[in-house]
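Summary of the model geometry
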Amino acid sequence: MDETYVNNIWNFLKNGIQEVQRKNNAELSFEELYKNVYKMVFHKHGEKLYTGLREVVREHLKKVQKDVLNSLNNNFLQTLNQAWNDHQTAMVMIRDIVIYMDRVYVQQNNVENVYNLGLIIFRDQVVRYRCIQDHLKRTLLNMIACERKGDVVDRGAIRNACQMLMILGLDGRSVYEEDFERPFLKMSREFFQMESEKFLAQNSAIVYIKKVEARINEEIERVLHYLDKSTQEPIVNVVEREMISKQMKNIMEMENSGLVHMLKNGKTRDLACMYMLFSRVPYGLKTMCECMSSYLREQGKALVLDEGEGKNPVDYVQSLLDLKTQFDCFLVESFNNDRLFKQTIAGDFEYFLNLNSHSPEYLSLFIDDKLRQGVKGLTEQEVETILDKAMVLFRFMQEKDVFERYYKQHLGRRLLSNKSVSDDSEKNIISKLKTECGYHFTSKLEGMFRDMSISNATMDEFRQHTHTTGASLSGVDLTVKVLTTGYWPIQSATPKCTIPAAPSHAFEVFRRFYLTKHSGRHLTLQHHMGGADLNATFYSNIKKDNCSDVGLGGAQVTSLKTRKHILQVSTFQMTVLMLFNSRDKCTYEEIQQETDIPERELVRVLQSFACGKPTQRVLTKQPKSKEIERGHVFTVNDHFTSKLHRVKIQTVAAKQEESEPERKETRQKVDDDRKHEIEAVIVRIMKSRKKIQHKVLVAEVIQQLSTRFLPSLVVIKERIEGLIEREYLARTSENRKVYTYIA
């Protein structure tokens, strides 16, 4: 093909391409055009065709550029969009005409295909032309800003422009990102920064939260309608960063509406909204959790440290349970059972519950109160539910061994006074304690139940024995509980007491019967743990013979005007009252000498009779005062009355909780027990390991004892030294920080 022929072919093709661009393609023969393209490429004139086509497109787009520039102030987006649509249509048709060149020349020479070439030229000569590029960016941003303020805009025009920018990026999003998205995100940051400050100043926390949620939803909806879907994540991140992350503390600390206000007023829905909002941003839930923790610790410390005067242990524990219930409700209804919040709440309760050294005692007293008979208004199932909640507090307690000692005391009182609500409830809670702390923790408690069962069987045998042998018990209906010393909280030094003849004789009959069956055992009366029911008769306005005062036992009277009661008393109280069966009055010194009751206990007994409630005042004393002193004289109160036939005489000052000296004594016993437990664990570890470093040994001791108490490092070191002195362990010669076990 000579040059003239090639030029003629090109001129024919050029004219056809220009007709396509002018939309005059109806008369064109696309088959003829295609054949001419084939000829040029086949005869190696592809480069002339490719460069010529590029120039034709450039020339055409210069005219388009002018049209768009003329529309900057009038229908700009519509004009640009029309030009873009026309150009796309034309390039599709041109691509079909020169498709053979795309397949051969373009691939062989590694240049852009014809359609992409048209996009690049349109991008560079129209869209990214200086004035057009800036005006397009400003127009799009202004329209979005207006819509954010509530104005109605042409969403279709914005959508078309964004789609055009995405297509002009060829296979990427660089044009869309550089010409629109980056400026859009920058403008949005500034807008939401200002809006967040405005919203915070004008609204409460929950209203602010709802406005932020609305803004996020608006931005998502905007993306779905006319922006590219890839913009959703970055624009949502901008809203979250400006309106949540940077304002988290301000939202939570808002006075009368922030997180603390919501917690105080039980605003579970508002808290749930805050949780959902803060879960969107990094460290949002952590920050919220820290603020909640600060408030919870403050509330908890106020409960456990501000005991006030005569703080009721039951109220103390109930207030903690109420607080736990409240935060469990928040956890489920507001915090989606979030693990972080769950662990934080548990850690906070463990922290402040162990600030008060009385917590183990008070928890035991709380359980004691619920397991006693006569809890009003509660079914057995409700009691079980309360006890389950109490066990949650038990898990948080570090000094579980202190709780065990108190629980043993209180369980002993319930069993001996037959005041337990049910054996099933008692065994259920012991089962829970065993699950938490293991068999060792509850072995003695279970032993106490076995003693009670064996004692009941023993008493049945004893009654059968007395019936068979006709043994006299001097009119006493005797019930004896035989307690194993190691299981029960029995005092090492039993308080003295001279028991009256009748009950003393009855017990002696039982002692002989029991020791006959169990030779080698020794029975010791625990006076402070026993009790009695006394049949008492009171007389008033009567003439008495024989200088007797009152018929508590054998007084002779001339009038039959009597009042009979059953007095429920302790062993010490029984011993004192029975003195008045045979005398008119008694002085303090006479009572002390004849009963041999320790002075401290005797004072409490006499106070309960002469200084207690009027409905329990069975004795009178001279002089009248609240104090019991030597020289005071006591007589039976002839005017004693009570609506109840069975009257329980309470011991004055016998509070449920221990006195300070008693607490110190209990603490000393606990400390002594701990020393033995620590030594036992050390020996057990050394037996299995044979040789161990000091740090590893201490860590294992703490780990093994953590279910009962947290041992002090100082005490562990002392116990190690003690075992070395007693030759259970030895230090190695090469390293004094390494111990070996001596078998």
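Residues numbered from 1 in each chain as written. Predicted model: local features only at pLDDT ≥ 70, side-chain atom pairs only at ≥ 80, totals over all residues. Heavy atoms only, no water.

**Focus: the packing of helix α4 (residues 76-97) against helix α8 (residues 155-168)**
Close contact between α4 and α8 brings their axes to 10 Å; oriented N to C, the two are set at 45 degrees. Compared by their axis directions, α4 and α8 come out oblique. The hand of the α4/α8 crossing is left-handed. When α4 is examined against α8, the residues Leu-77, Leu-80, Asn-81, Trp-84 and Gln-88 are found in contact with a partner set consisting of Ala-157, Asn-160, Ala-161, Met-164, Ile-167 and Leu-168. (Axes fitted to C-alpha atoms, helices over the stretch in contact; angles between N-to-C directions. Helix = DSSP H or I, 4+ residues; strand = E, 2+ residues; numbered from the N terminus. Parallel < 35°, antiparallel > 145°, perpendicular 65-115°, else oblique. Left-handed = near helix turned anticlockwise from the far one by under 90°. Contact = heavy atoms within 4.5 Å.)

**Examining the sheet that holds strand β2 (residues 562-570)**
As a general point, the strands of a sheet are linked pairwise by backbone hydrogen bonds and lie either parallel or antiparallel. Read from one edge to the other, the open sheet built from three strands follows the order β1-β2-β6, with strand pairing classed as mixed. At either margin of the open sheet sits one strand with a lone partner, and together these are β1 (531-539) and β6 (646-648). With strand direction ignored, the average angle separating the axes of adjacent strands in the sheet is 30 degrees. Where β1 and β2 come together, nine bridges link them in antiparallel fashion. When the bridges of β2 are listed, Phe-538 appears paired with Arg-563. (Pairing = 2+ DSSP bridges.)

**Overview of the pattern of salt bridges**
With the rule as written, the count across this model stands at 45 salt bridges. As a salt-bridge pair, Asp-348 and Arg-297 come within 2.7 Å of each other at their nearest N and O atoms. Note that Asp-348 is positioned in helix α17 (residues 339-353) and Arg-297 in helix α15 (residues 284-305), a separation of 51 residues in sequence. Overall, the relative accessible area of 2% leaves Asp-348 in the buried class. Looking at Arg-297, the relative accessible area reads 31%, which means it is partly exposed. For Glu-426, the salt bridge goes to Arg-414, with nearest N and O atoms at 2.6 Å. Within this pair, whereas Glu-426 is found in helix α21 (residues 423-437), its partner Arg-414 is found in helix α20 (residues 400-416), the two being separated by 12 residues in sequence. Taking relative accessible area as the criterion, Glu-426 reaches 0% and is therefore assigned buried. For Arg-414, a relative accessible area of 0% puts it in the buried group. Each of Glu-147, Arg-148, Arg-155, Glu-219, Glu-221 and Arg-222 takes part in a single network of salt bridges with overlapping partners. (Salt bridge = Lys/Arg side-chain N within 4 Å of Asp/Glu carboxyl O. Buried < 20%, exposed > 50% of the residue type's maximum accessible area, 1.4 Å probe, protein only.)

**Regarding the nonpolar core**
Ranked by size, the top nonpolar core spans 148 residues in total, and within it Met-101, Phe-122, Leu-136, Phe-180 and Phe-278 carry the most contacts. The biggest single contributor to this core is α4, with 10 residues. Ignoring any residue separated from it by four or fewer positions in sequence, one finds Phe-122 in contact with Leu-61, Val-64, Leu-80, Ala-83, Trp-84, His-87, Val-127, Met-164 and Leu-168. Of all hydrophobic cores here, the second largest spans 31 residues; its members include Leu-534, Ala-536, Phe-634 and Val-636. (Core = buried A, V, L, I, M, F, W, Y, C linked by side-chain atoms within 4.5 Å.)

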